[in-house]
Amino acid sequence: MPIQVTQSSMPSIEEYINEIKSIWETKRLTNVGEKHIALEEKLKNYLSVSNISLFSNGHSALELAIQGLKLKGEVITTPFTFASTTHAIIRCGLTPVFCDINEEEYTINADKIEKLITDKTSAILPVHVYGNICDVEKINIIAKKNRLKVIYDAAHAFGEEYKGIPIGNFGDITMFSFHSTKVFHTIEGGALCYTSQEYSEKLSSLRNFGITSPEKVSYVGTNAKMNEFEAAMGICNLRHIDEEILKRQIVFEHYMENLEGIEGLSLPNKNTKVKKNYAYLPILVDKNLYGKTRDELLFLLEEEQIFTRKYFFPLTNSLECYKGSYNDNNTPVAKDIANKVLVLPLYSNLSLDSVTQICRIIKER
Ligand SMILES: *Cc1c(COP(=O)(O)O)cnc(C)c1O
């Protein structure tokens, strides 16, 4: 059996059928029905946030966060992320300014942000990449001092805590993705969490064409509503989320034990300030010490039907669609890591025997 980099978690079919039955009674399939309302409430509790709005996906949520905050001009961000983060900035008519990342956690290097601030800068858009939490304290100080908004892309950080604070409570807005490959999912889906209640009406109406009452359209919104079947999937998955994360942790730790001490491989840091969700297992391959390049290791595993991913290569500042617009030499650390990184298969039902086998192939190369 081939081993993919990830596998979606699912409730039993009986549990899902049971959850969706009432949709046949209400005949309400979307537009903030009872499942949507219930999931919003449950997530608010689980994530310990004061405000949350659900969306059809994380990307739309991110675009609407940018629109909702009325950002203009330049946004300081990271190139070491999924295309979505950078696309959202550009699709909203703003200019991304790429800041390099740090070598330990691959998150935005907060010490390099201030140099990039100009009179056009309106916000910082960092990413808690792989669930590694950004330097939220330093970013907060910089933002306050320079009157910048902060939107966190927390697509990888569902359920995490930093120094005991749930991760949706930092910055002005935090975006979560509930895509089926993420730790918690609603098939497709996403959310925005925010501390300021004043955003609530606007963000919630932006997902429904900006409609605020039957005869009033207050904003130029879009259609980004989560439907009832997605919300029902979320309700089911949320019942099992703690078990899901625990199973991931066991797989993750089995990898760590088996990969420790292999020359030329760097493993994720053990950051004791973070309560992790074990979303990803990225390793760095140093070809001089390991004896093979990252790509050679990828092919070696692929021959054994084990599929890894080069998350995140290429950097978003060197994507083909942005050719000629940015220079990845301005973010040398990100460029170096993008050339070495490989994300290994990790999901809750991955057997420890498979992990042992994957690690043996990596060790023996
Ligand atoms: C998945 C992801 C997104 C986009 O989320 P969707 O729900 O797929 O639209 C954005 N940023 C990052 C870092 C992601 O991994």
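Our subject in this report is the structure included herewith. Residue numbering note: each chain is counted from 1, following its sequence as written. Whole-chain, interface and lining totals are the exception, using all residues; otherwise, since this is a predicted model, local features are given only for residues with pLDDT of at least 70 and side-chain atom pairs are given and counted only at 80 or more. As a convention, hydrogens and water are excluded, and side-chain values are obtained from all of the structure's heavy atoms.

All right, on to the overall build of the chain then. Where helices and strands are cited, they refer to DSSP runs of H or I of at least four residues and of E of at least two residues respectively, numbered from the N terminus. Check the secondary structure of the chain and you find 12 helices and 15 strands. Reported as C-alpha extents along the three principal axes, the dimensions of the chain are approximately 65 × 55 × 40 Å. All accessibility values rest on the Shrake-Rupley procedure with a 1.4 Å probe; residue burial counts only the protein chains present in the view. Summed over its atoms, the accessible surface of the chain is roughly 16700 Å², and 49% of this surface lies on carbon and sulfur atoms. Here Asp and Glu are counted as negative and Lys and Arg as positive; His is not counted, and neither are the chain ends. Where a charge sits is defined by one atom per residue type, namely NZ (Lys), CZ (Arg), CG (Asp) or CD (Glu). Computed over 41 positive and 46 negative side-chain charges, the inter-centroid distance for the chain is 4 Å.

Below, the discussion takes up the pattern of salt bridges. Here a salt bridge means any side-chain nitrogen of Lys or Arg lying within 4 Å of a carboxyl oxygen belonging to Asp or Glu. Overall, the coordinates contain 17 salt bridges when judged by the stated rule. Put simply, K138 and D111 hold a salt bridge, and the shortest N to O gap is 3.0 Å. Of this pair, K138 sits in helix α5 (residues 136–146) while D111 sits in the loop between β3 (95–98) and β4 (121–125), and the two are 27 residues apart along the sequence. One salt bridge connects D336 with K340, and the closest N-O pair in it is separated by 3.1 Å. Within this pair, D336 and its partner K340 are both found in helix α11 (residues 332–340), separated by four residues, close to a single helical turn. Burial here depends on accessible area, computed with a 1.4 Å probe over protein chains only, as a share of the maximum for the residue type. Under 20% is buried, over 50% is exposed, and the range in between is partly exposed. Judged by its relative accessible area of 37%, D336 falls in the partly exposed class. One network of salt bridges, with partners in common, ties together E15, E19, E34, K35 and R239.

For Phe, Tyr and Trp, rings pair up if their centres lie within 6.5 Å, where Trp contributes its six-membered ring, and each pair is then called stacked (planes under 30 degrees apart), edge-to-face (over 60) or tilted (otherwise). Evaluated as defined, the whole model comprises 19 aromatic pairs. Ring geometry for Y106 versus Y130: centroids 5.9 Å apart, planes at 90°, classification edge-to-face. Here the residue Y106 occupies a position in the loop between β3 and β4, and Y130 occupies one in the loop between β4 and α5, the gap between them amounting to 24 residues. Within the aromatic cluster, the residues linked to one another by ring pairs are F80, Y106, Y130, Y280, Y311 and F312. Here, over-ring charges are defined by two tests on the NZ atom of lysine or the CZ atom of arginine: distance to the ring centre within 6 Å, and angle to the ring normal within 35 degrees. In this structure, R207 is placed above the aromatic ring of F55, and the distance from its NZ or CZ to the ring centre is 5.9 Å. A cation over an aromatic ring shows up here: R294 above the ring of F313, its NZ or CZ 5.1 Å from the ring centre.

Two strands form a pair only when DSSP identifies at least two bridges running between them. In spatial order, the strands read β1-β9-β8-β5-β4-β2-β3; together these seven strands make up an open sheet with mixed pairing. Of all strands in the sheet, those bounded by a partner on one side alone are β1 (52–55) and β3. Here the strands of the sheet are splayed against their neighbours by 25° on average, with no regard to which way each runs. Contact criterion: two residues are considered in contact whenever any of their non-hydrogen atoms come within 4.5 Å of each other. To obtain an axis, a line is fitted to C-alpha atoms, over the contacting stretch when the element is a helix, and the angle between two such axes runs from 0 to 180 degrees between their N-to-C directions. Against the sheet, helix α2 (residues 34–47) contacts β1, β8 (173–177) and β9 (190–194), and its axis sits at roughly 130° relative to β1. In the packing of helix α4 (residues 83–91) onto the sheet, the strands contacted are β2 (74–77), β3, β4 and β5 (149–153), and the crossing angle to β3 comes to about 140°.

A helix is expected to span 1.5 Å for every residue after the first. Between the first and last C-alpha of helix α8 (residues 241–259) there are 27 Å, a value that for 19 residues agrees with the 27 Å anticipated at 1.5 Å per step. Listing the buried residues of α8 in full gives I241, E244, I245, R248, V251, F252, H254, Y255, M256, N258 and L259. The inward-facing, buried residues of α8 abut α2, α7 (228–239), β14 (281–285), β15 (341–344) and α12 (352–364).

What follows concerns the sheet that holds strand β13 (residues 274–275). The sheet built from three strands is open, its strands ordered β7-β6-β13 with antiparallel pairing. The open sheet is flanked by β7 (165–166) and β13, the only strands paired with a single partner.

Counting buried residues along β8, five of its five residues qualify, which places the element largely inside the surrounding structure. Taking every second residue as pointing to the same face, both faces of β8 are buried, with I173, M175 and S177 on one and T174 and F176 on the other. Relative to β8, β5 runs parallel, the two sharing three bridges. Bridge pairing links I151 to I173 in β8. Relative to β9, β8 is paired through five bridges, and the arrangement is antiparallel. Of the residues in β9, the one forming a bridge with I173 is Y194.

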